[in-house]
Amino acid sequence: MAKQKKDFYARKDIRKLIEKDKNPIWRRIFAYIVDVLIIQIIVELIFYNKLKNYLPSKLSFTEYYTNISSNPKLASFFVVIGITASLLAIIYFTLLELKYGQTIGKMLFKIKTFSSIDKKMTLKQAFIRNLSKAIFFINYLSIIFIIDLFFLIFSGKRLFEKLSKTYVSRI
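From a predicted model like this one, the values you see are computed outputs, not experimental measurements. (Residues numbered from 1 in each chain as written. Predicted model: local features only at pLDDT ≥ 70, side-chain atom pairs only at ≥ 80, totals over all residues. Heavy atoms only, no water.)

### Comments concerning the confidence of the model for the protein
When the pLDDT values of the protein are averaged, the result is 83; 84% of them are 70 or greater. The least confident element of the protein is helix α1 (residues 12-20), whose mean pLDDT is 50; the most confident is helix α5 (residues 104-108), at 96. (pLDDT = per-residue confidence, 0-100. Helix = DSSP H or I, 4+ residues; strand = E, 2+ residues; numbered from the N terminus.)

### Concerning a nonpolar patch on the surface
Taken together, the side chains of Val79, Ile83, Leu87, Ile91, Leu95, Leu123 and Ile138 define a hydrophobic patch exposed on the protein surface, amounting to about 660 Å² of accessible area. The element best represented in the nonpolar patch is helix α4 (residues 72-99), accounting for 5 residues. Here isoleucine 83 is to be found in helix α4. (Patch = residues over 30% accessible without salt bridge, like charges linked within 9 Å, V, L, I, M, F, W, Y side chains within 5 Å. Areas by Shrake-Rupley, 256 points an atom, 1.4 Å probe, with all protein chains shown as cover. Salt bridge = Lys/Arg side-chain N within 4 Å of Asp/Glu carboxyl O.)

### Remarks on unusual backbone geometry
Even without glycine at this site, lysine 110 takes up a positive phi of about 55 degrees. Non-glycine residue lysine 165 carries a positive phi angle of around 55 degrees. Along the polypeptide, lysine 165 turns up in the loop between α9 (159-164) and β2 (166-170). The exposure class assigned to lysine 165 is partly exposed, which follows from its relative accessible area of 34%. (Buried < 20%, exposed > 50% of the residue type's maximum accessible area, 1.4 Å probe, protein only.)

### Here's the deal with the environment of lysine 124
Take lysine 124: it is sitting in helix α6 (residues 123-129). Lysine 124 sits 40 residues away from serine 164 along the chain, and the two C-alpha atoms are 7.7 Å apart.

### Topic: the pairing of β2
Of all 5 residues making up β2, 4 are buried, and the element is well covered by its neighbours. Pairing of strand β1 (residues 111-115) with β2, which is carried by 5 bridges, proceeds in the antiparallel orientation. From the neighbouring strand, phenylalanine 114 faces β2, where its bridge partner is tyrosine 167. (Pairing = 2+ DSSP bridges.)

### With respect to the packing of helix α2 (residues 25-54) against helix α7 (residues 131-138)
Packing of α2 against α7 brings their axes to within 12 Å, and their N-to-C directions diverge by 50 degrees. Taken together, the axes of α2 and α7 are oblique relative to one another. Between α2 and α7 lies a crossing whose hand is right-handed. Along the contact surface, α2 presents Tyr32, Val36, Ile39 and Gln40, while α7 presents Lys133, Phe136 and Phe137. Partitioning the contact of α2 with α7 into residue classes produces 5 nonpolar, 1 polar and 1 charged. (Axes fitted to C-alpha atoms, helices over the stretch in contact; angles between N-to-C directions. Parallel < 35°, antiparallel > 145°, perpendicular 65-115°, else oblique. Left-handed = near helix turned anticlockwise from the far one by under 90°. Contact = heavy atoms within 4.5 Å. Nonpolar A, V, L, I, M, F, W, Y, C, P; charged D, E, K, R; others polar.)

### Some words on α4
Residue pairs spaced three or four apart in an α-helix point in one direction, given the helix's 3.6 residues per turn. Here α4 spans 40 Å end to end across 28 residues, near enough to the 40 Å set by a 1.5 Å rise per residue. Its side-chain oxygen at 3.1 Å from the backbone nitrogen of lysine 73, asparagine 71 defines the N-terminal cap of α4. Trailing α4 by a residue or two, glycine 101 shows a phi angle of about 80 degrees, which is positive. (Expected span 1.5 Å × (residues − 1). Polar contact = N/O pair within 3.5 Å; in protein donor to acceptor, adjacent residues only side chain to side chain.)

### Here's the deal with the packing of aromatic side chains
Scanning the entire structure with this criterion turns up 12 aromatic pairs. Note on phenylalanine 30 and phenylalanine 109: the rings are 6.1 Å apart at their centroids and 20 degrees apart in plane angle, and the pair reads as stacked. Of this pair, phenylalanine 30 sits in helix α2 while phenylalanine 109 sits in the loop between α5 and β1, and the two are 79 residues apart along the sequence. Note on phenylalanine 30: relative accessible area 42%, which makes it partly exposed. One aromatic cluster is present, built from ring pairs that chain together Tyr32, Tyr92, Phe93, Phe136 and Phe145. (Phe/Tyr/Trp six-rings, centres within 6.5 Å; stacked < 30°, edge-to-face > 60°.)

### Topic: α7
Buried within α7 we find Ser132, Lys133, Ala134, Phe136 and Phe137. At its buried positions, α7 is contacted by α2, α4, α5, α6, α8 (143-155) and α9.

Printed below as a string of structure tokens:
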């Protein structure tokens, strides 16, 4: 007797919607870029005066890097900025997706996040699906974020979407 493969989507209406939906990855990528820019602007507004005091405006990239790496106080300040951006990101993505199913970027590109198991996404689902996005702000080349991105590119679904039992679709 052959064992039946367990269906990832508990809701059958969702499986039909996804099968019909040809949701291009470019919508998701551009929506994410819009959201990252929003978070970056907010973080820069919060830390603008401190950044202006710490870093002169006319330095090359290598001079910035040398300046930051040679000054422990400045390096720790950038860690604080990264942690702040990460916390802001998890709050931004989780609360907007929980309340509206969309972030501002997703609204612009007409895509929405749905739960695969219930009609409404839970706080736990919204939090889990956005963990890798928050980690991105601490370390831009985080292995977790890269793995999540590879899942999206090769399977059309992020790893953290699978873990949270959510999906993204056009509306």
